[in-house]
Amino acid sequence: MPAPDIAEVEALVVELLNEHGPMIGKQLAEKLPDVPMLALWQACYQSRVLHVSHFASYYLRFDITREDQVRLSPSILRDFLSFSLFGLPGQRDQMIERQGTLSNMHREISREKIGLAQQVMKSLFLDLPREIRSSMCAFIAGDLAYFLAHNEPREHLVSGEMVKGSDIDIVIILSDDLPDSIQRKIDTDMIALKNYYLRHPQYRHEIDFITKRKSTMEKQLHYTDIHDKIASKIAYESMFLGGSLTLYMEVRDAMISTGVDRLIEQDFDHALKDRKHAMQKLLLASSDDIDEETRSLFYFSQERVEFS
């Protein structure tokens with residue numbers, strides 16, 4: 001199939017915006033199903049006519065499929081589909097109104113998922129004595145912490161179940177003096193809760209969790225290998241969920257004292273520069289035959305099922 005003419009794609013986009021008003025990338029893609037995604041993205045970003053408004057907050061991500069390279073999330077394609085609004089000259093007021101509606105939608109989805117995470121922790125805490133609850137804390141991270149959650153249906157990689165959009169990542173930190181039996185009980189209870197919320201037709205949410213000792217978390221703040229970096233990054237962007245606020249603040253204070261917060265911010269700056277270079281390369285790429293390297297710039301490998 002010959003590569004689509006970018007000027008023709010742009011003309012189709014302008015026609016849609018004239019008819020329907022400002023639209024996000026996903027809506028344009030749905031209206032133009034025969035246009036390859038990269039060609040549509042190129043047409044929108046090469047255009048001198050279209051106005052674009054972004055409403056995503058970017059955060060650091062490590063792409064373990066590309067030699068642990070630092071990336072920014074949302075991916076370029078996710079940012080285009082979900083967090084970029086396109087309009088025409090003269091549609092400024094419509095764009096402002098539409099962007100407010102979209103931002104509120106992602107905020108409400110995030111609040112719903114955060115509420116579900118709180119519900120999970122409440123269920124966990126119900127079966128634990130107060131002295132144990134005061135020796136543990138939980139936090140969440142990822143797009144929920146930035147109020148960027150979405151509910152786009154996607155396939156759960158392990159079970160094959162369809163789940164509602166963004167997963168819910170919960171990290172549980174335990175004081176070192178808690179017995180191992182308590183950690184095993186928490187793991188068992190969390191697995192049961194995870195399975196319940198994954199399979200119950202009312203929810204269909206994916207909950208990922210990890211439990212670790214405070215001393216383990218503090219070792220990971222040395223930011224040495226990829227596992228330490230991911231753990232530190234998650235703690236850096238975290239939102240307190242429950243348990244001991246004092247314990248949580250001790251973890252936050254340790255990030256400052258070790259200087260890992262500055263290292264994460266340096267990696268973010270590096271990822272931002274890489275993002276700009278990737279977009280420049282993608283603007284020049286041939287859209288009829290995208291190689292693996294180009295595709296990896298456009299979206300993360302974990303999103304392949306979702307975007308293929």
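In what follows, the structure referred to is the one given above.
Since the model is a prediction, treat every value here as computed from it, not as a measurement.

Asks: Would you take a moment to explain the overall build of the protein chain for this structure?
Replies: In terms of helices and strands, the protein chain carries 13 helices and eleven strands. For a compact globule of 308 residues, the expected C-alpha radius of gyration is about 19 Å, and the protein chain comes in at 22 Å, within 12% of that figure. In terms of overall dimensions, the protein chain has C-alpha extents of about 65 × 40 × 35 Å along its principal axes. Across the 308 residues that make up the protein chain, the buried fraction comes to 48%.

Asks: What is the right way to look at the packing of aromatic side chains in this model?
Replies: With the rule as written, the count across this model stands at 13 aromatic pairs. Seen in terms of ring centroids, Tyr45 and Phe86 are 5.7 Å apart; in terms of plane orientation they differ by 85°. Their pairing is edge-to-face. Of the two residues, Tyr45 sits in helix 3 (residues 37-46) while Phe86 sits in strand 5 (residues 84-87), which places them 41 residues apart along the sequence. Overall, Phe86 belongs to the buried group, its relative accessible area being 0%. Following the ring pairs from residue to residue traces out a cluster consisting of Trp41, Tyr45, Phe80, Phe86, Phe298 and Tyr299. Above the plane of the ring of Phe147 lies Arg107, whose end atom (NZ or CZ) is 4.3 Å from the centre.

Asks: I tried to follow the sheet that holds strand 5 on my own but got confused; where do I start?
Replies: Two strands in a sheet stick together by hydrogen bonds in their backbones, pointing the same way (parallel) or opposite ways (antiparallel). Reading across from one edge, 1-5-2 is the order of the three strands in this open sheet, with antiparallel pairing throughout. Of all the strands in the sheet, just strand 1 (23-24) and strand 2 (51-54) have a single pairing partner and so form its edges. Sheet topology note: the strand 1/strand 5 ladder contains two bridges and is antiparallel. Note on strand 5: the bridge partner recorded for Met23 is Phe86. Taken strand by strand, helix 5 (residues 92-125) contacts strand 1, strand 2 and strand 5, and its axis lies near 160° from that of strand 5.

Asks: What exactly am I supposed to notice about unusual backbone geometry here?
Replies: Residues other than glycine predominantly adopt negative phi, and peptide bonds predominantly adopt the trans conformation. Here Ser73 and Pro74 are connected by a cis peptide whose omega angle stands at 5°. Even without glycine at this site, Tyr223 takes up a positive phi of about 60°. By secondary structure assignment, the location of Tyr223 is in the loop between helix 8 (214-220) and helix 9 (226-236). Given a relative accessible area of 9%, Tyr223 falls into the buried group.

Asks: I'm lost on the pairing of strand 9 (residues 168-174) in this one. Help?
Replies: Strand residues, when the strand is regular, have side chains that alternate between the two faces of the sheet. Counting buried residues in strand 9 gives six out of seven residues, a clear majority hidden from the surface. With five bridges connecting them, strand 6 (residues 136-140) and strand 9 associate as antiparallel partners. Its bridge partner being in strand 9, Cys137 is matched across the sheet by Ile173. Viewed along the sheet, the connection from strand 9 through helix 7 (residues 180-199) into strand 10 (residues 207-213) turns out right-handed.

Asks: Hey, could you run me through the packing of helix 9 against helix 11 (residues 260-284) in this one?
Replies: When two helices pack together, their arrangement is given by the angle between the helix axes and by the axis-to-axis distance. Contact pair helix 9 / helix 11: the axes reach a minimum separation of 10 Å and the direction vectors enclose 100°. The angle between helix 9 and helix 11 places the two elements in the roughly perpendicular class. In contact with Ser232, Lys233 and Tyr236 of helix 9, helix 11 contributes Val260, Asp261, Ile264 and Glu265. In the contact of helix 9 with helix 11, the residues fall into three nonpolar, one polar and three charged.

Asks: In this structure, what is going on with empty space enclosed by the protein? I would like to understand it.
Replies: Which parts of space are left empty comes out when a probe the size of a water molecule is rolled across the atoms. Using the criterion set out here, one finds one cavity of 30 Å³ or more in the structure. Taken as a whole, the largest cavity holds about 100 Å³ of empty space. Taken together, twelve residues form the lining of the largest cavity, with Arg71, Asp274, Arg275, Ala278 and Leu297 sitting closest to its centre. If you list the elements that add at least two residues to the lining of the largest cavity, you get strand 4 (69-73) and helix 11. For the lining of the largest cavity, the element with the most residues is helix 11, which contributes four residues.

Asks: Help me understand the sheet that holds strand 6, please; the structure alone is not making it clear to me.
Replies: Strand order in this open sheet of four strands is 10-9-6-11, and the pairing throughout is mixed. The open sheet is flanked by strand 10 and strand 11 (239-243), the only strands paired with a single partner. The sheet shows a mean angle of 25° between the axes of neighbouring strands, direction not considered. The pairing of strand 6 with strand 11 spans four bridges and is classified as antiparallel. Within strand 11, the residue paired with Ile140 across the bridge is Met239. Running over the sheet, helix 7 touches strand 6, strand 9 and strand 10 and is turned about 175° from strand 10.

Asks: Help me understand the pairing of strand 3 (residues 59-63) in this model?
Replies: In terms of burial, strand 3 is a largely internal element, four of the five residues being buried. In the sheet, strand 3 pairs with strand 4 via five bridges, with the strands oriented antiparallel. Within the sheet, the bridge partner assigned to Asp63 lies in strand 4 and is Gln69.

Calculation rules
- Residues numbered from 1 in each chain as written.
- Predicted model: local features only at pLDDT ≥ 70, side-chain atom pairs only at ≥ 80, totals over all residues.
- Heavy atoms only, no water.
- Helix = DSSP H or I, 4+ residues; strand = E, 2+ residues; numbered from the N terminus.
- Rg over C-alpha atoms; globule rule 2.2 N^0.38 Å.
- Buried < 20%, exposed > 50% of the residue type's maximum accessible area, 1.4 Å probe, protein only.
- Phe/Tyr/Trp six-rings, centres within 6.5 Å; stacked < 30°, edge-to-face > 60°.
- Lys NZ or Arg CZ within 6 Å of the ring centre and 35° of its normal.
- Pairing = 2+ DSSP bridges.
- Contact = heavy atoms within 4.5 Å.
- Axes fitted to C-alpha atoms, helices over the stretch in contact; angles between N-to-C directions.
- Right-handed = clockwise from strand over helix to strand, strands pointing away.
- Parallel < 35°, antiparallel > 145°, perpendicular 65-115°, else oblique.
- Nonpolar A, V, L, I, M, F, W, Y, C, P; charged D, E, K, R; others polar.
- 1 Å grid on protein atoms, 1.4 Å probe; cavity = no way out; pocket = protein on both sides within 12 Å on 5 of 7 lines; lining within 4 Å.
- Points joined across faces, edges and corners; volume = space filled by probe spheres on them.

Structural measurements only, silent on function.
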